[in-house]
Amino acid sequence: MKALVAVKRVVDYNVKVRAKADGSDVDIANVKMSMNPFDEIAVEEAVRLKEAGKVSEIVAVSLGVKGCEETLRTALAMGADRAVHVETDAPLEPLAVAKLLKAVVEREAPQLVIVGKQAIDDDANQTGQMLAALLGWPQGTFASKVEAADGALLVTREIDGGLENVELKLPALVTTDLRLNEPRFIKLPNIMAAKKKPLDKLSVEELGVDIAPRLTVLKVAEPAARKAGVKVANAAELVAKLKNEAKVL
Amino acid sequence: MIYHAPLKDMLFALNELAELPAVCALPGYEDCSVELTEAILEEAAKFAEGVLAPTNRAGDAGSRLVDGKVVTPEGFADAWRQYVDAGWIGLRAPQDFGGQGLPALVALAAEEMWCSANLAFSLAPMLTLGTVEALLHHASEELRNTYLPRLSTGQWTGTMNLTEPQAGSDLAQVRTRAVPQADGSYKLSGQKIFITWGEHELAENIVHLVLARLPDAPEGVKGISLFVVPKFLVNADGSLGARNDVHCVSLEHKMGIHGSPTCVMSYGDNGGAIGYLVGEANKGLAYMFTMMNHARLGVGVEGLALSERAYQKAVEYARERVQSRDIGAADQQPVAIIRHPDVRRMLLTMKAQIEAQRALACVAAAALDRAARHPNPEEKARNQALLNFLIPIVKGWCTEAANDITSLAVQVHGGMGYIEETGVAQYYRDARITAIYEGTTGIQALDLVGRKTAADGGRVARALIGEVRRTAEALSADAQMARLAEGLRDGAERAEACVAYVVDEFARDARRPAAGSVAFLKLMGLLLGGWQMGRAALIAKERLAEEGADVAFLSAKRATAAFYGAHLLPQVGALAASLLDGADAVLGCDDAAF
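Below is a short write-up of the structure. (Residues numbered from 1 in each chain as written. Chains lettered and ligands numbered in written order. Predicted model: local features only at pLDDT ≥ 70, side-chain atom pairs only at ≥ 80, totals over all residues. Heavy atoms only, no water.)

1. Regarding the overall build of chain A
A tally of regular secondary structure across chain A gives 7 helices and 11 strands. Projected onto its principal axes, the C-alpha positions of chain A cover 65 × 40 × 40 Å. At a minimum sequence separation of 6, the contacts of chain A that also span at least 24 residues come to 70%. Of the roughly 13,200 Å² of accessible surface on chain A, 53% is carried by carbon and sulfur atoms. Where the 35 positive side-chain charges of chain A centre and where its 36 negative ones centre are 3 Å apart. (Helix = DSSP H or I, 4+ residues; strand = E, 2+ residues; numbered from the N terminus. Contact = heavy atoms within 4.5 Å. Areas by Shrake-Rupley, 256 points an atom, 1.4 Å probe, with all protein chains shown as cover. Lys, Arg positive; Asp, Glu negative; His and termini not counted. Charge placed at Lys NZ, Arg CZ, Asp CG, Glu CD.)

Listed below in structure tokens is the structure:
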């Protein structure tokens, strides 16, 4: 079966993120960018399924600026067979991403789509669910285990208070959780090979998708700095402070 | 993060100062590009930080010899397996034998990361690559085909067996014997010492390159031949055969790099170790010298790499450690020690030298690539001469400085630095060897004054001093760099006087320039490092004017360059004085006075 994996270019998880001075957005100028860690897990899972003989071809897709090519090359070095880049400088909200991915899915006709459960930049946790809904496919979100069975996919989901096992009829969509796997270190020969693998370009116009933003960002601000703590004399004072100052009781 | 690969500074040195795009345009390097290099170095960084660096502390507990076998520290075997699986050993190994054949310049940045992450570990691949280089250039096709495919991929490792108890820097004293056999092989017997990674179980086989004498060999350096002696003999079909008569009889107890087993190797205790002649008889030393440039560049990078890791640890501590109030502030609250002027002075002394050394090492690596691949014979020769001149400087200066810089890192930690559990003392101990092996600083300095300066009448040295002057000139319009420009101008003048002195005196009485040779080496290192910082400051200024410039990085680069001009370049004057006026004081002292 053919698998499609979506990968997002985000601020590297090691970077301390800062808001722009005018509060319009996060400042990503000259900041190290890399693949969304949940998407790395998605690529890794697809590669493992391919190594197990369950997946025949892996197509990696990324949407956004020119720099996404680097993210796609990383996916190719990890083991994806080819890449599709929908290039646009426009900001993309989860619904637009889901619609664009739907259009790519319709062209590629994969049996399985794997995406990260969320991206570490906006933490929206929406794209996978929206895409499954738009496609009318079953979805296994927050997967911590994926097994390919005959014509179906067995997915263990991490849910509040435990694990849930679901069986999905193919074609299906999976969103990855942290414990699904640990992505491999990339091998040098694979980095060299990745630059020779095909990377196709598509435009938003070609896909005929309306990506106009539907949300308005009012302000992006950094969290208030933590204030120094105070010592309380006894439990009564603590309760009083929680009630009157913190107003949490 | 216990180690964070300085990718931005590496890429700046590679792209801007060592002109990586031009290196990628050389014949045979077409597969390489700036983008590919970035992708490779990002993954190398992840590997160095995530796999190698965590094994460094355990490595300090050391390798042990148990029943003739070396037991490596915890985590080393697994790290080696991952390193080989990921193909990292193949970075600059030849494509024909399973490597990637990338430029030395690209490999150098990755090698700095391996050395920072775990120097003791990194010596195994480094020596293996040295073995590959020697066999590639000098061995018969049969030997190449037998050994190179497995060495280039790390399936086997390689060692260099030069030193014997009586033959250290003076290899003319080598006594190991090689006796020709009827089948064309040789039987070797003798003892070799200081053999790094001479015995271990990480790889299936170990390929020893051994210097030895044939029975009819002339005395001295012209009677030394080079042999391949495998730990396990190799059958015609490539499978491993009998255990050869070469054994590790003990491990040295060293000051540092404890993870790396330094072996006493005994050849021929049971009738003779079977070996194969590499190239022609009696040319062994010349063959070893063809690898010398790359090996010495590599050791210079080892020094730089330890300086970098020690610096990172010192900065981290200086930001966290709160002690005493800010001397200039009314506020009585204690502050992080990074606020204290002398701590800043120490950190900047480390940072400025590290950046200058990284740049100079990269420039040398680019010269190595050009000397190997440039299609124009004149350019090839010019780069070879430049490389030959830079090698003793990069090796000597970076490793001497590594001793100072890792010592400063201990100093920043105060009393905690002296406590082993803090971890910074390991870098100081590990760094000590880098100024000793692969030719001591004294040997490098003699090479610099003799073969590299006096021999060509100072031609290459003067050409470089001309470059320094041009950079100083370009900097003169840059107000923030006034001290740097002045230091470079003044330094160039003094360096020119030193070159004239070396050239004149070497012919008259070589003892005189030899007495000041280390001063001359350090002077050239400081000056050429300053030249690189000057170039960096100019480029940073240009980049800062561009839209979307990385202001934080580029401003820091300029601030660091300004510090270099104000605090480090003034030392050039003192070093020049000790070369120009110091010989009598060295030579005039009677032996009995010591």
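Once you've had a look at it, read on.
2. Observations regarding the overall build of chain B
In terms of regular secondary structure, chain B is built from 20 helices and 14 strands. Taken against the 2.2 N^0.38 rule, which gives 25 Å for 594 residues, the C-alpha radius of gyration of chain B at 24 Å falls within 12% of a compact globule. Expressed as lengths along the three principal axes of its C-alpha atoms, the size of chain B is roughly 80 × 60 × 55 Å. When burial is assessed residue by residue, chain B has 59% of its 594 residues classed as buried. When contacts within chain B are restricted to residue pairs at least 6 apart in sequence, long-range pairs at least 24 apart make up 75% of them. Per element, the accessible surface of chain B, about 23,100 Å² overall, is 52% carbon and sulfur. (Rg over C-alpha atoms; globule rule 2.2 N^0.38 Å. Buried < 20%, exposed > 50% of the residue type's maximum accessible area, 1.4 Å probe, protein only.)

3. Brief notes about unusual backbone geometry
Residues other than glycine predominantly adopt negative phi, and peptide bonds predominantly adopt the trans conformation. The linkage connecting Leu 170 of chain A with the following residue, Pro 171 of chain A, adopts the cis geometry, with an omega of -5°. One can find Pro 171 of chain A in the loop between β9 (162-169) and β10 (172-176). Positive phi outside glycine occurs at Asp 123 of chain A, with the angle close to 50°. Residue placement: Asp 123 of chain A occurs in the loop between β6 (112-116) and α4 (127-135). A positive phi angle, near 50°, is found at Asp 67 of chain B, a position not held by glycine. Residue position: Asp 67 of chain B is located in the loop between β1 (64-66) and β2 (69-71).

4. Re the nonpolar core
Side chains of a nonpolar character, in soluble globular proteins, are inclined to be buried together. Residues and elements named next belong to chain B. Counting 162 residues, the largest nonpolar core has Trp 88, Met 113, Trp 114, Leu 528 and Tyr 564 as its most contacted members. Beyond its immediate sequence surroundings of up to four residues, Leu 528 is in contact with Leu 360, Phe 389, Leu 390, Ile 393, Leu 464 and Val 468. Among the nonpolar cores identified, the runner-up in size contains 28 residues, and Leu 143, Trp 156, Leu 162 and Val 278 belong to it. (Core = buried A, V, L, I, M, F, W, Y, C linked by side-chain atoms within 4.5 Å.)

5. Quick look at the side chain of Glu 40 of chain A
Secondary-structure assignment places Glu 40 of chain A in helix α1 (residues 37-51). Buried charge without a salt bridge: Glu 40 of chain A, with Lys 46 of chain B as the nearest opposite-charge side chain at an N-O distance of 4.2 Å. If we ignore the near neighbours within four places in the chain, the residues touching Glu 40 of chain A are Met 35, Met 78 and Pro 183 of chain A together with Lys 46 of chain B. (Salt bridge = Lys/Arg side-chain N within 4 Å of Asp/Glu carboxyl O.)

6. Some details on the side chain of Ser 185 of chain B
Residues and elements named next belong to chain B. Tracing the backbone through its elements, the reader meets Ser 185 in the loop between β4 (177-180) and β5 (186-196). In terms of polar contacts, Ser 185 uses its side chain to reach the side chain of Asp 183, at 2.7 Å. Setting aside residues no more than four positions away along its own chain, Ser 185 makes contact with Val 179, Pro 180, Ile 274, Gly 275 and Tyr 276. (Polar contact = N/O pair within 3.5 Å; in protein donor to acceptor, adjacent residues only side chain to side chain.)

7. Remarks on the pattern of salt bridges
All names here are of chain B. The full count for this structure, using the stated rule, is 60 salt bridges over all chains. In this structure, Arg 429 and Asp 60 form a salt bridge, with 2.6 Å as the shortest nitrogen-oxygen distance. Taken as a pair, Arg 429 in helix α12 (residues 424-432) and Asp 60 in the loop between α4 (56-59) and β1 lie far apart in primary sequence, 369 residues in all. Comparing Arg 429 with Asp 60, the two get one shared label, buried. Across the pair Arg 512 and Asp 584 runs a salt bridge, and its minimum N-O distance is 2.7 Å.

8. Brief notes about the sheet that holds β9 of chain A
All names here are of chain A. Ordered by their spatial adjacency, 9 strands build an open sheet running β9-β8-β7-β10-β6-β1-β4-β5-β11, and the pairing between neighbours is mixed. Only two strands of the sheet have a single partner each, and these edge strands are β9 and β11 (199-203). On average, each strand axis in the sheet is inclined to that of its neighbour by 30°, with strand direction left out of account. Of the strand pairs in this sheet, strand β8 (residues 152-159) and β9 are connected by 8 bridges, and their pairing is antiparallel. From the neighbouring strand, Glu 158 faces β9, where its bridge partner is Leu 163. Lying over the sheet, α1 contacts β1 (2-6), β4 (57-64), β6, β7 (139-149) and β10, oriented at roughly 150° with respect to β6. Strand contacts of α4: β6, β7 and β10, with the helix running at about 65° to β7, the strand carrying the most contacts. (Pairing = 2+ DSSP bridges. Axes fitted to C-alpha atoms, helices over the stretch in contact; angles between N-to-C directions.)

9. Thoughts on the state of the cysteines
Residue and element names in this part refer to chain B. All told, the structure shown has 0 disulfides over all chains when counted by the stated rule. Free of any disulfide, Cys 362 has its nearest neighbouring cysteine sulfur in Cys 398, separated by 10 Å. With relative accessibility at 1%, the residue Cys 362 sits in the buried group. (Disulfide = S-S within 2.5 Å.)

10. Some remarks on the interface of chain A and chain B
Of the residues lining the interface, 14 residues belong to chain A; the matching set on chain B comes to 25 residues. Regarding the contact of chain A and chain B, the summed buried area is about 1,600 Å², with carbon and sulfur atoms giving 61% of it. At the boundary of chain A and chain B, one finds 1 salt bridge. Residues Glu 42 of chain B and Lys 32 of chain A are paired through a salt bridge, measuring 3.7 Å at the closest nitrogen-oxygen approach. (Buried area = accessible area lost by both parts, 1.4 Å probe.)

11. Describing α12 of chain B
All names here are of chain B. Counting buried positions along α12 yields 7 of 9 residues, so the element is predominantly enclosed. Of the residues making up α12, those classed as buried are Val 424, Ala 425, Gln 426, Tyr 427, Arg 429, Asp 430 and Ala 431. Buried residues along α12 sit against α4, α7 (119-138), α9 (284-320) and α11 (377-412).

12. Quick word on the environment of Leu 226 of chain B
All names here are of chain B. Mapped onto the secondary structure, Leu 226 falls in strand β7 (residues 225-230). For the pair Leu 226 and Ala 178, spaced 48 residues apart in sequence, the C-alpha to C-alpha distance is 9.7 Å. Setting aside residues no more than four positions away along its own chain, Leu 226 makes contact with Leu 209, Val 210, Leu 211, Tyr 276, Leu 277, Val 278, Gly 284, Tyr 287 and Met 288.

13. Here's the deal with the packing of aromatic side chains
All names here are of chain B. For the coordinates displayed, the defined rule picks out 14 aromatic pairs over all chains. Judged by centre distance (6.3 Å) and plane angle (25°), the ring pair of Phe 76 and Trp 197 falls under stacked. In this pair, Phe 76 is assigned in helix α5 (residues 76-85) and Trp 197 in the loop between β5 and β6 (205-212), connecting sequence segments 121 residues apart. By the burial criterion, Phe 76 is buried, and Trp 197 matches it. Seen in terms of ring centroids, Trp 80 and Tyr 83 are 6.0 Å apart; in terms of plane orientation they differ by 25°. Their pairing is stacked. Of this pair, Trp 80 and Tyr 83 both sit in helix α5, 3 residues apart, which is roughly one turn of that helix. For Trp 80, a relative accessible area of 2% corresponds to the buried category. Relative accessible area serves as the criterion here: at 2%, Tyr 83 is assigned to the buried category. (Phe/Tyr/Trp six-rings, centres within 6.5 Å; stacked < 30°, edge-to-face > 60°.)

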